[in-house]
Every structure is written in structure tokens, then in C-alpha cells.
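Structural features, examined
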Amino acid sequence: MKHTLYLKFLLSYLVFGILGFILVSTVTNYGLRTQIETAEAHTLYTECTEIASHYAKNYYNGSMELTELHRHLETLSHYLNTKIKVIDPSGRIIIDSANAAYDSDIFITGFNINDFGSKYYMINRFYNTFSENHLTVFAPITPAYRVRGYVLIHKPIQDIYTYSYELLHVVYITLLLIFLLAFVILLLFSLLIYRPIRKITSVADAYIDGDFSQKMNIHTHDELGHLATVFDYMANELNTLEDDQRKFVSNVSHDFRSPLTSIKGYIEAILDGTIPYEMQNKYLNIILFETERLNKLTSSLLELNKFGSHGKTILYIKSFDINYIIRMTALAFEGICSEKHISIELILSGQTLFVTADMAKIQQVIYNLTDNAIKFSYPDSSITIETTEKNGKVFISVKDSGIGIPNDSLKKIWERFYKTDVSRGKDKRGTGLGLAIVKEIIQAHDENINVISTEGVGTEFIFTLSLSKEQ
């Protein structure tokens, strides 16, 4: 039999009930009896002392008749529901409240006041004078500071225990109510805790079998609700992982196959003489171009692999002048800008502007964004790179006046290998990985990057960096 969590709680509930009953019937019962015995003994001892110091003492002093003493003791015995005796040190019964006869020659066989020990009461049959156990208390009668006898008060122990039984009955009822309350809590546990856990376990088993379409459908605002949300998110990620991997392999295969096919075809044509010797330099340059494109694609893939899909790369954080990096990057594109008649305008905040980041990776971000802007800009246009400082952040903007990005493609430009339809004719050298690398680098810095674009007008990329405290 499979021991489920619910079964364990049910067994714990039953064990709790059984142990609670045993505890009450033993420890609580014993404690109540002991407490009631002590309290009753103290009450009777107070009465016994009062009788010995007043009524019995007056009798021995001669100021009270034996009949009058008997009448008082008889009244008190009815009031206390006890039996009262006055005996002399030898054990002879002088007065017995339960007997009309008094000053008799009846002795309590074996009586010895020392049997009480250090206590003022005992619980037994009192030298077999009773058929059942009695609580017996005594008080000495000491007229003129000499012990002349003892006052004894007897009360059936069963009468005392009757009160404890009544209290114990209340305790049992309370225990039953607690047991019922615990059962209600168990039901609430089943509804609020166990069922969601069982649902999570069932769906997790489906995930193990590869079925990621199952949903938790647990919407509580607690740890279980959070766990279910995390599981749903994980299932969605795993469900799309296979499609992503298939798309990735397809894209990589396509981007590798095209240049490899060109390289293979041109080399075979050169080797078999299809391409004459005087034209080989032209096609060797094409092979070199395709080889460079493969090299760039491989480098970009390796760069992305450092980040992973959700991981973080190691950053070498330091303070550096972002304005200087922008100037140096703009100079690197001077040649290609001259060819395309494109100008780069720098609007920089101050002569120097220090930020805290990984300098090499931020330089790569600026390079990729500037390279993109040049690729998709019209001839005789300008590209603006601007820095602005605000609220402890530095905003870097790269803006072009190019073909722009369609609205339906804005959210997809960060995906690996993605190229918009309008860019495919212009981006001959591109791998579709530049913006994916940019996004990963900015996210690794816990910063943000946004894009604003209007088709046919231009595109602006804006990202943030932390302003350095060291200037």
C-alpha cells in the first residue's frame, strides 16, 4: 500500500486521539485525584482541628457534657457528610457520630497514631473498621498541653473521587471537542494543502512523461500558488525548448549551408577547369568573403554561448569614459561611412562621462548598434550617437535615418538569427545575431535597452548604464 501524505496525517490524527485519551485517563486522572485528595484532606483537617480545640477540649475541661458533644459531632458529620470519632490514646472510642452509644468499651484494634507518619491524613480501611477505603484525618485533643485523645474524621474515598469523575467527564468532553476541531483542521488541510500538493504531484508526473501541456490551475496567494506558477512557467519554457532547438538548428544549418555550398561549388569549378585561370582571382575573393562570413557567424555563436539563454556571463566591471569609447568606435567606421556617404554625429554630455560596466562588452554593444545603423541607413544620411545623464543613469542613444523596422518585427529583432523581410536584401554580411548579443550584454549588466522605429524614417536604440561615482 502506498503511504501518501494524507494517510500519514490521518494516522497522526488517530494517534493524537488515542494518545490524548490515554493521557487524560492516566496522567490527568491521577493528577485530579491527587489534587482533590489533598484539598479535601486540608478542608477536613481544618474542621478536625476546630473540633479538637473547641468542642472536645471543652469536654475534657468539664465545661461540656458528653451528650452535648455527641450532638455537636452528629450535626457536623451530617453537614460534612463524614463520620466523626473521638478516641483516647489507647484507641478506645469515646464518641462515634454514627452511633447513639458513646463512652463505650469498643477499641480500634491495632491503633497507633504513629501510623499517620508525617502526614495528618491517611487513605485506607482504617484498621479494617470499614469495608472500603476512607480518607481519615486526625487532630490531637490537648487540654493543659497534654494529649488526652484524638478527633478522627472519616470520609469515603469514593465520595471524593465522585467529584474527580465529574471533572474528568468535563475534560473528556473538552478532549472530544478538541478531537473534532482537529478533524475539521484535517479537512481544511485536505482542501487547502493536500489537494493542491496532489495536483502539483500529478502534473509533475505528466512533465516527467514529456507532457508539458498540463497546467496546475492553482491560483492561491501563498507558497503553493507561487510553486504552481513556477511549475507552469517551467513547463511553458520546456514546451517551447524543443521548438527553439529545432529552429536554432534549422537557422544555423541554413546560414552555414549557403556559404559552404558556394565555397564547394567555386572550388570544384576551379579544380575541374570550369572557371578559367584568368577569372580565378574573382571567385577566390568570393570564397574569401564567404569564409569571413562563416568565421563571423562562428564567433557570434561562441559569444552567445558565453551568456546562455537565461544565464549570466562573467563581467569585468570598472569605471571608464563612455564618451571616449563612443569616439573610438565612430572612428572605426570612418572608412565605410565615407564609401556610403554617411556621417556620424556625436552629441556627448561633457568632455568625459564615466560609467561603471564591462568596457569591452559595452564597446561591442556600441559597435553592433552602429554597424546596424550604417547597414540600414540611406546614402547621404546621418547617424546620431548621444549620451545623456539623468538620476544616476547614463542614457546612450544610437539613431539612424534608415529603412526602419516594421511594427510586427519590433519584438522579434532580439531573437537569434532573426532578420526582417525588408533587411534581407541589404544585410548580406549579417548573421542575425548582433542584436541578440546586444540584448544579452545589457541584461547581464541588469540594465535596459529599448527600440523606437518608424518604417521608412529610421530607428533609435536607447540603453542605460550606471553613472560612475569615480570621475
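Throughout, a residue's number is its position along its own chain's written sequence, starting from 1. Since the coordinates come from a predicted model, pLDDT governs what is reported: local features require at least 70, and pairs of side-chain atoms require 80 or more to be given and counted, while whole-chain, interface and lining totals use all residues. Excluded from the side-chain calculations are hydrogens and water; all other atoms, namely the structure's heavy atoms, are used.

Under the annotation held in an unreviewed UniProt entry, the protein carries the name histidine kinase and is attributed to Eubacterium plexicaudatum ASF492. UniProt positions are given in the numbering used here, feature names are shortened, and annotations may be inferred rather than shown by experiment. Reading the Catalytic activity (unreviewed entry) entry of the UniProt record for the protein gives the comment "ATP + protein L-histidine = ADP + protein N-phospho-L-histidine." According to UniProt, the comment filed for the protein under the heading Subcellular location (unreviewed entry) is "Cell membrane".

Okay, the packing of aromatic side chains next. The criterion for an aromatic pair is that two Phe, Tyr or Trp rings (for Trp, the six-membered ring) have centres within 6.5 Å, with stacked assigned to planes under 30 degrees apart, edge-to-face to planes over 60 apart and tilted to the rest. One pass over the full model with this rule turns up 14 aromatic pairs. Geometrically, the ring pair formed by F111 and Y127 is edge-to-face, given 6.1 Å between the ring centres and 70 degrees between the ring planes. Residue F111 is found in the loop between β2 (93-96) and β3 (121-124), and its partner Y127 is found in the loop between β3 and β4 (134-141); the two are separated by 16 residues along the sequence. Throughout this description, buried means an accessible area under 20% of the type-specific maximum (1.4 Å probe, protein chains only), exposed means over 50%, and partly exposed covers the range between. Assessed through its relative accessible area of 10%, F111 is described here as buried. An aromatic cluster of three or more residues is present, and its members are F111, F116, F126, Y127, F138 and Y150. Throughout this description, the term charge over a ring refers to an Arg CZ or Lys NZ atom that lies within 6 Å of the ring centre and within 35 degrees of the ring normal. The positively charged end of R33 is found above the aromatic ring belonging to Y161, 4.2 Å away from the centroid. Only DSSP runs of H or I reaching four residues or more are called helices, and only runs of E reaching two or more are called strands; each is numbered from the N terminus.

A separate point is the side chain of E460. Relative to the helices and strands, E460 resides in strand β12 (residues 458-467). Positive charges come from Lys and Arg, negative ones from Asp and Glu, while His and the chain ends are left out of the count. For this document, the term salt bridge refers to a Lys or Arg side-chain nitrogen within 4 Å of an Asp or Glu carboxyl oxygen. With no salt bridge to any partner, buried E460 finds its closest opposite charge in K399, at an N-O distance of 4.7 Å. A distance of 2.5 Å separates polar atoms of two side chains, one belonging to E460 and the other to S397. When neighbours within four sequence positions are excluded, E460 is seen to be in contact with S397, V398, K399, N450, V451 and I452. Here a polar contact means two N or O atoms within 3.5 Å. Within protein one must be a hydrogen donor candidate and the other an acceptor candidate, and residues neighboring in sequence count only if both atoms are side-chain atoms. Here a residue-residue contact requires only that any non-hydrogen atoms of the pair lie within 4.5 Å.

Judged by nonpolar contacts, the single largest core of 35 residues is most densely connected at I322, I362, L369, W414, F461, F463 and L465. When residues of this core are traced back to their parent elements, those giving at least two are α6 (322-332), β8 (354-358), α8 (359-375), β9 (382-390), β10 (393-399), α9 (434-444), β11 (449-454) and β12. Of the residues forming this core, the biggest block, 6 residues, is contributed by α8. Ranked by size, the runner-up nonpolar core spans 27 residues in total, among them C48, L69, L135 and A139. The nonpolar core is taken to be a set of buried Ala, Val, Leu, Ile, Met, Phe, Trp, Tyr and Cys residues, with the residues joined through side-chain atoms within 4.5 Å.

By secondary structure assignment, the location of I141 is in strand β4. Owing to a relative accessible area of 0%, I141 belongs among the buried residues under this scheme. Residues I141 and S53 lie 88 residues apart in sequence; the distance between their C-alpha atoms is 6.6 Å. Residue contacts for I141: discarding those within four places in its chain leaves A52, A56, K57, Y60, V86, R146, V147, R148, G149, Y150 and V151.

Burial analysis of α9 places 8 of its 11 residues in the buried class, which makes it a mostly covered element. Where α9 is concerned, the buried positions are L435, A436, I437, V438, E440, I441, I442 and A444. Positioned one or two residues after α9, D446 has a phi angle of 60 degrees, which is positive.

This part takes up the environment of A98. Secondary-structure assignment places A98 in the loop between β2 and β3. In sequence terms A98 and S77 are 21 residues apart; their C-alpha atoms lie 8.3 Å from each other.

Our focus in this paragraph is the pattern of salt bridges. Counted according to the given criterion, the structure contains 6 salt bridges. A salt bridge links D371 to K375, with the nearest nitrogen and oxygen atoms 3.3 Å apart. Of this pair, D371 and K375 both sit in helix α8, separated by 4 residues, roughly a single helical turn. Overall, K375 belongs to the buried group, its relative accessible area being 18%.

Moving on, we get to the confidence of the model for the protein. Low pLDDT marks stretches whose predicted atomic positions should not be read closely. Here the protein averages 81 in pLDDT, while 86% of its residues score no lower than 70. You can read pLDDT as the predictor saying how much it trusts each residue, on a scale of 0 to 100. Long-range and interchain partners of residues 421-430, a stretch whose pLDDT sits below 50, account for 21 contacts in this model, where long-range means more than four residues apart.

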